[in-house]
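Remarks on the overall topology
Letter by letter, the chains look like this.
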Amino acid sequence: MSFNPIGLNNKKFLITGAASGLGKSISILLSQLGAELILVDVNENGLDDTIKLCKTNSKKLVLDLTNTENIRPKIEEIILEFGKIDGLVHSAGISYLSPLKFVDKEITTNVFLLNTYAAIELSKIFTDRNMSTKEGSIVFISSIYGCVGSVANVGYAMSKSALHGITKSLAIELAPKKIRVNCVAPGFIETEMFKSMANNFGPDYYQNITNLHPLGLGKAEDVAGVIAFLLSNMSKWITGSIINVDGGYTAQ
Ligand code: NAI
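Here we summarise the structure given alongside this text. Nothing here was measured: the structure is a model prediction, and the numbers come from that model. Per chain, residues are indexed from 1 in the order of the written sequence. In keeping with the model being predicted, local features are shown solely for residues with a pLDDT of at least 70 and side-chain atom pairs are shown and tallied solely at 80 or more, while totals for entire chains, interfaces and linings include all residues. Excluding hydrogens and water, the side-chain figures rest on all heavy atoms present in the structure.

Of all residues adjacent to the ligand, which total 28 residues, the nearest are S20, L22, D41, Y156 and T191. L65 places a polar main-chain atom, nitrogen or oxygen, 2.9 Å from a nitrogen atom of the ligand. Nitrogen and oxygen atoms within 3.5 Å of one another constitute a polar contact, given that in protein one can donate a hydrogen and the other can accept it, and given that sequence-neighbouring residues count only through two side-chain atoms. One of the side-chain nitrogen or oxygen atoms of T191 is found 2.5 Å away from an oxygen atom of the ligand. All accessible areas in this document rest on Shrake-Rupley with a 1.4 Å probe, and a residue is counted as covered only by the protein chains that are shown. Contact with the protein chains removes 90% of the 820 Å² of surface that the ligand exposes when unbound. Helix and strand definitions follow DSSP, with helices as H or I runs of at least four residues and strands as E runs of at least two, each counted in order from the N terminus. Of all elements in the fold, only α1 (21–32), α5 (154–174) and α6 (192–201) reach the threshold of two or more residues within the shell around the ligand. The cutoff for a nearby residue is simple: one of its non-hydrogen atoms must lie within 4 Å of the molecule or strand.

As C-alpha cells, then:
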C-alpha cells in the first residue's frame, strides 16, 4: 500500500458551508482522503449535490447558523447519531461590502453571527468530550481582509479579523485539551461568492482583482489541500496559526 501522510481514513469531520464553494471542495477532498463527514449548510439542495460527490459516508444537516440558539442542540443531536468527530471546519460565510456611511447595524450583526460567532459556538461543542475524540483540530476560514484593508469592507473585515483573535486565544486555551486551532486566510477564489461580486462590479473588477494576486486567482482546491493538511496528523505541532493562502496577495 502506498504511503499517504495526510490520509484521513477512520476520521470524522464536520464542515459548515458545505453546499457551495470552498466548503464543497473541502468536503469532496476530505472524503477522497477517507474521512466521513457531517455537512452543514442552510442550502439543502446544495448539500444534496455535495453528498453525491463525496466518496464516503456523509450526513447532511440543514441549519441556519445565524440562529445561534439552534446550533448546539442540532449539532449535538447529529454528532450523537454519527459518532464523535475529530475536527471541524467553519467555511460558511457571507461577504458584506458597504462604504462606511451606509454600514448597517442589522446586516453587520448578521455577518458577525455567521462568520464569527458561529465559530465560537461550534468550538464550544467541540470541546465537549462526548462530541469529539481525544485529539482534535479546528480550522476557521477567514480572508486576506482579516489581514489587510480594502475600501468599503469594514463589516466583512471585522468578522474575519475577529476570527484571527479567536484562533490565537482558543489555541492557547485548548492546547491542554490537545485541541489545535488554526485559521486559513484565502485570497480571491473563483467561487459563487466571487462571481456574484464580479457581476455586481463589472468587467474591470475581475481583471483588477486578478492583478492583485501574483499567482492569479485561486481555485477552491488550493484552499482545500491546506485544510486537509491542518486536519491531519502532519500538522500536529501547528496551532494558533493564520495561514495565508492567497497567491501572494499579502506578500506585496
Ligand atoms: P459560497 O457563497 O460559495 O459558500 C458559502 C456557503 O455558506 C454557502 O453554501 C451558503 O449557503 C452557506 N451559508 C450562507 N449563510 C448561511 C447560514 N446562515 N447558515 C449556514 N450556512 C450558510 O462562499 P465561499 O467562497 O465558498 O466562501 C467560504 C468561506 O471562505 C467564507 O467564510 C468566505 O468569507 C471565505 N472566503 C472566500 C473567498 C472567495 O474569494 N471566495 C476569499 C476569502 C475568504
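Picking up after the structure, the text goes on.
Moving on to the pairing of strand β2 (residues 36–41). Counting buried positions along β2 gives 5 out of 6 residues, so the element sits mostly inside the fold. In this sheet, β2 lies alongside strand β1 (residues 12–16) in parallel orientation, the contact comprising 5 bridges. Within β2, the residue paired with T16 across the bridge is V40. Crossover connection from β1 via α1 to parallel β2: handedness right-handed. Strands are treated as partners if at least two bridges between them are detected by DSSP. Pairing geometry for β2 and strand β3 (residues 58–62), over 5 bridges, is parallel. Each residue of the ladder has a partner; that of V40, found in β3, is L61. By definition, the crossover connecting two strands over a helix is right-handed if that path, from the first strand to the second, turns clockwise as seen with the strands pointing away from the viewer. Of the crossover connections in this fold, the one passing from β2 over helix α2 (residues 44–53) to the parallel β3 is right-handed. Exposure categories follow from relative accessible area, calculated using a 1.4 Å probe and restricted to protein chains: below 20% of the type maximum is buried, above 50% is exposed, and the middle band is partly exposed.

This part takes up the nonpolar core. I75 and F140 are the most contacted members of the largest nonpolar core, which totals 31 residues. Here the element with the most residues in this core is helix α4 (residues 105–126); it accounts for 6 residues. We call two residues contacting when some pair of their heavy atoms lies within 4.5 Å. In this view, I75 contacts L14, L61, L63, L122 and I125; residues no more than four positions away in its chain are not counted. By nonpolar core we mean a set of buried residues, namely Ala, Val, Leu, Ile, Met, Phe, Trp, Tyr and Cys, connected to one another through side-chain atoms within 4.5 Å.

Quick look at the environment of V148 now. Inspection of the secondary structure assignment puts V148 in the loop between β5 (132–141) and α5. We classify V148 as partly exposed; its relative accessible area is 30%. In this structure the C-alpha to C-alpha distance between V148 and Y249, which are 101 residues apart in sequence, comes to 9.6 Å.

Here the focus is the packing of α6 against helix α7 (residues 203–211). Interaxial angle, 0 to 180 degrees, is taken between N-to-C directions of lines fitted to C-alpha atoms, where a helix line uses only the stretch in contact. At a minimum axis distance of 6 Å, the contact between α6 and α7 shows a crossing angle of 125°. The angle between α6 and α7 falls in the class oblique. Of the residues in α7, those in contact with F194, M197, A198 and F201 of α6 are P203, Y205, Y206 and I209. Three categories are distinguished: nonpolar for Ala, Val, Leu, Ile, Met, Phe, Trp, Tyr, Cys and Pro, charged for Asp, Glu, Lys and Arg, and polar for the others, with Gly belonging to the last. Grouping the constituent residues of the contact of α6 with α7 by class yields 8 nonpolar, no polar and no charged. Here the word oblique covers every angle except those under 35 degrees (roughly parallel), over 145 (roughly antiparallel) and from 65 to 115 (roughly perpendicular).

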